[in-house]
Amino acid sequence: MSEIVRKAVVPAAGLGTRFLPATKATPKEMLPVVDKPAIQYVVEEAVAAGLDDLLFITGRSKRPLEDHFDRNLELEDTLQRKGDLERLAQVTESTDLGRIHYVRQGDPLGLGHAVLVAEDHVGNEPFAVLLGDDLIDPRDPVLPTMMRVRAEHGGSVVCLMEVPAESIGLYGCAAIEPLDDPGVVRVTDLVEKPEPGQAPSTLAVIGRYLLDPAVFDVLRATEPGRGGEIQLTDALRTLAAMGPESGGGVHGVVFSGRRYDTGDRLSYLQANIMLASEREDLGPALRAWLTDFVATWS
Ligand code: G1P
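Numbers given to residues run from 1 along each chain, matching the order in which its sequence is written. Totals for whole chains, interfaces and linings use every residue, but because this is a predicted model, local features are given only for residues with pLDDT of at least 70 and side-chain atom pairs only at 80 or more, for both listing and counting. Side-chain measures here rest on the full set of heavy atoms in the structure, leaving out hydrogens and waters.

Remarks on the pattern of salt bridges
So the rule is basically this: Salt bridge, as used here, is a side-chain nitrogen of Lys or Arg placed within 4 Å of a carboxyl oxygen of Asp or Glu. Helix and strand assignments come from DSSP, with helices taken as H or I runs of at least 4 residues and strands as E runs of at least 2, each series counted from the N terminus. Working definition: with a 1.4 Å probe on protein chains only, accessible area under 20% of the residue-type maximum means buried, over 50% means exposed, and in between means partly exposed.
Counted under the stated rule, the structure contains 27 salt bridges. A salt bridge links aspartate 53 to arginine 99, with the shortest nitrogen-to-oxygen separation between them at 3.8 Å. You can see aspartate 53 sitting in strand S4 (residues 53-58) and its partner arginine 99 sitting in strand S5 (residues 99-104), a full 46 residues away along the chain. The exposure class of arginine 99 is partly exposed, given its relative accessible area of 44%. Residues glutamate 192 and lysine 193 are paired through a salt bridge, measuring 3.2 Å at the closest nitrogen-oxygen approach. Residue classification places glutamate 192 among the buried residues on the basis of a relative accessible area of 12%. Through salt bridges with shared partners, one network takes in Arg6, Lys7 and Glu125.

Rendered as structure tokens:
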């Protein structure tokens, strides 16, 4: 089995109902974060980590996503003729990223099912899964650490983050045992979106996974769980209980860097403001305006 991780799977078949009506005809992955579609940040993160083979799991009305990562010759031609090379570079940036493939999920049966749809493309190799709702700041990359942990321990690796106790019910939650390696833990159990009082910790699974291909057989045997969906968390729970000889074992990298959640409206707005306020071109004016705005507010 090849140990070099080169493939990334990006589930993008969700309906984006939290952002209706904006997502009626536009995939939620295409909503801009400042001035770039949210999904482009995720693709850039994967490519920066050496994952240049990307598979999007899509569904109906995801054409704009495919168009975004394809050439737009008419636009390129117009910008070229105008001599607007800066904007031309912005347009071609997304086409030159990696080798991008698409497969449709068909029935939306959950995140675990979306990952299972990737099996033919991935084959018998370890692979990464990146969820579009979580943006990881490029200054705090986590995929390289997850790859190191996979190289040292085998099995699968999840990205964990401490969250307030009142938010843990929004995430997969991990029970862990500490290891000597700082920031790395062994995952002993997982619960998808635990009920209040049922969470084994306040360590949430964030949308970055490095999976052993053994996950495919496990997913095939995983019954629908939370919300009636086939949950990736439930498959990881099974993998955590399996031995290394069969591709089992799950470790966690505890991430303490900057992460932006674009999964619901409030955190999406916050992500836009945080990222824009750090930009050289927009930051100074935005910060000054925000300071004035907040002063008149209170
Ligand atoms: C999914 C996973 C959950 C994970 C979360 C991270 O949930 O099922 O385990 O913690 O992504 O963003 P979703 O947010 O898609 O409901």
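Side note on the site of the ligand
Formally: Any residue with a heavy atom lying within 4 Å of a molecule or strand is counted as near it. A 3.5 Å cut-off defines polar contacts: any pair of N or O atoms within that distance qualifies, except that in protein one atom must be a possible hydrogen donor and the other a possible acceptor, and neighbouring residues in sequence count only when both atoms are side-chain atoms. When residue character is reported, Ala, Val, Leu, Ile, Met, Phe, Trp, Tyr, Cys and Pro are called nonpolar, Asp, Glu, Lys and Arg charged, and the others, Gly included, polar.
Around the ligand, the structure places Leu111, Leu131, Asp134, Tyr171, Gly172, Glu192, Lys193, Val205, Gly207, Tyr209, Gln231 and Thr233. Measuring from an oxygen atom of the ligand, one finds a backbone N or O atom of glycine 172 at 2.9 Å. The leading source of residues in the shell around the ligand is strand S11 (residues 203-211), at three residues. Class assignment for the residues of the shell around the ligand results in five nonpolar, four polar and three charged.

A short note on a nonpolar patch on the surface
Formally: Residues form patches when they are more than 30% accessible in relative terms and have no salt bridge. Like charges link within 9 Å. Nonpolar side chains (Val, Leu, Ile, Met, Phe, Trp, Tyr) link within 5 Å. Computed by Shrake-Rupley with a 1.4 Å probe, the accessible areas treat only the displayed protein chains as cover when residues are assessed.
Taken together, the side chains of Trp289, Phe293, Val294 and Trp297 present a nonpolar region at the surface, about 500 Å² in accessible area. Mapped onto the fold, tryptophan 289 is located in helix H11 (residues 283-297). Tryptophan 289 sits in the partly exposed class, given a relative accessible area of 46%.

Thoughts on the packing of aromatic side chains
Remark: the centre distance and the inter-plane angle together describe each pair of aromatic rings, the angle taken between the planes. We count it as follows: Two rings from Phe, Tyr or Trp (for Trp, the six-membered ring) form a pair when their centres sit within 6.5 Å of each other. Planes less than 30 degrees apart are called stacked, planes more than 60 degrees apart edge-to-face, and all others tilted. Each ring is checked for a lysine NZ or an arginine CZ that lies within 6 Å of its centre and within 35 degrees of its normal; such an atom marks a charge sitting over the ring.
Taken as a whole and judged by the stated rule, the model has five aromatic pairs. Between the aromatic rings of tryptophan 289 and phenylalanine 293, the centroid separation amounts to 4.7 Å while the plane-to-plane angle is 15°, which identifies the pairing as stacked. Note that tryptophan 289 and phenylalanine 293 are positioned in helix H11 at a spacing of four residues, about one turn of the helix. Directly above the aromatic system of tyrosine 41 lies the positively charged group of lysine 36, at a separation of 4.6 Å from the ring centroid.

Overview of the pairing of strand S9 (residues 172-178)
Successive residues of a regular strand alternate their side chains across the two faces of the sheet. Heads up, the rule is: At least two DSSP bridges between two strands are required for those strands to pair.
By the bridge criterion, seven bridges tie S9 to strand S10 (residues 184-192) in an arrangement that is antiparallel. Along S10, the bridge assignment pairs alanine 174 with leucine 190. The loop that links S9 with its antiparallel partner S10 comprises five residues; one of these, glycine 183, has a positive phi angle of about 80°.

Quick notes on helix H10 (residues 265-277)
Rules: By this rule the span expected of a helix is its residue count minus one, scaled by 1.5 Å. Contacts between residues were defined by any pair of non-hydrogen atoms, one from each residue, lying within 4.5 Å.
Compared with the 18 Å implied by 1.5 Å per residue over 13 residues, the 18 Å span of H10 between its first and last C-alpha is a close match. Three or more residues of H10 are buried, namely Ser267, Tyr268, Ala271, Asn272, Leu275, Ala276 and Ser277. Among the structural elements, strand S2 (32-33), strand S7 (134-136), strand S13 (259-261) and H11 are those in contact with the buried residues of H10.

A few points about the environment of tyrosine 41
Mapped onto the elements, tyrosine 41 comes out in helix H1 (residues 38-48). Take tyrosine 41: its relative accessible area is 17%, and that puts it in the buried class. A C-alpha to C-alpha distance of 24 Å links tyrosine 41 and threonine 233, two positions 192 residues apart in sequence. Contacts of tyrosine 41, omitting those with residues within four sequence positions, involve Val33, Val34, Lys36 and Leu135.

Regarding the environment of valine 47
Among the secondary structure elements, valine 47 is positioned in helix H1. Given the relative accessible area of 24%, valine 47 is considered partly exposed. Other than its neighbours up to four places away in sequence, valine 47 contacts Leu54, Leu97 and Gly98.

Digging into the nonpolar core
To be explicit about the condition: Nonpolar core, defined: a set of buried Ala, Val, Leu, Ile, Met, Phe, Trp, Tyr and Cys residues in which side-chain atoms within 4.5 Å join the residues together.
In terms of nonpolar packing, the biggest core is built from 47 residues, with Leu51, Phe56, Leu130 and Met146 touching the most fellow members. If you tally residues by element for this core, the top one is H1, at six residues. Filtering out sequence-adjacent residues up to four positions away, leucine 51 remains in contact with Val5, Arg6, Lys7, Ala8, Ala46, Ala128, Leu130, Leu143 and Met147. By size, the runner-up hydrophobic cluster in this structure holds 33 residues, among which are Ile57, Phe127, Ile230 and Val250.

What about the layout of surface pockets?
Convention followed: Buriedness of a pocket was judged along seven lines, with at least five required to meet protein on both sides within 12 Å; pockets are open sets of points on a 1 Å grid over the protein atoms alone, cavities are sets where a 1.4 Å probe fits but cannot get out, and lining residues have an atom within 4 Å of a point. Grid points are joined across faces, edges and corners, and a volume is the space filled by probe spheres set on the points.
Of the voids in this model, the second largest pocket is the one considered here, and its volume is about 750 Å³. Lys36, Tyr41, Glu44, Pro138 and Arg279 are the residues nearest the centre of the second largest pocket, which is lined by 31 residues in total. When contributions to the lining of the second largest pocket are tallied by element, the ones reaching two or more residues are strand S3 (36-37), H1, helix H4 (85-93), S7 and helix H7 (143-153). If you tally residues by element for the lining of the second largest pocket, the top one is H1, at six residues.

Points about the packing of helix H3 (residues 73-82) against H4
Here is the rule we go by: Orientation is described by axes fitted as lines to C-alpha atoms, over the contacting stretch for helices, and by angles from 0 to 180 degrees between their N-to-C directions. Angular relationships are summarised with four words: roughly parallel below 35 degrees, roughly antiparallel beyond 145, roughly perpendicular across 65 to 115, and oblique for the angles in between. It is the rotation of the near helix from the far one that decides the hand of a crossing: anticlockwise by less than a right angle makes it left-handed, clockwise makes it right-handed.
Two numbers describe how H3 lies on H4: the axes approach to 8 Å, and their chain directions differ by 160°. With respect to each other, H3 and H4 are oriented roughly antiparallel. Relative to H4, H3 is oriented so that their crossing is left-handed. Between H3 and H4, the residues in contact are Leu75, Glu76, Leu79 and Gln80 and Leu85, Arg87, Leu88, Val91 and Thr92, respectively. Looking at the contact of H3 with H4 residue by residue, the class counts come to five nonpolar, two polar and two charged.

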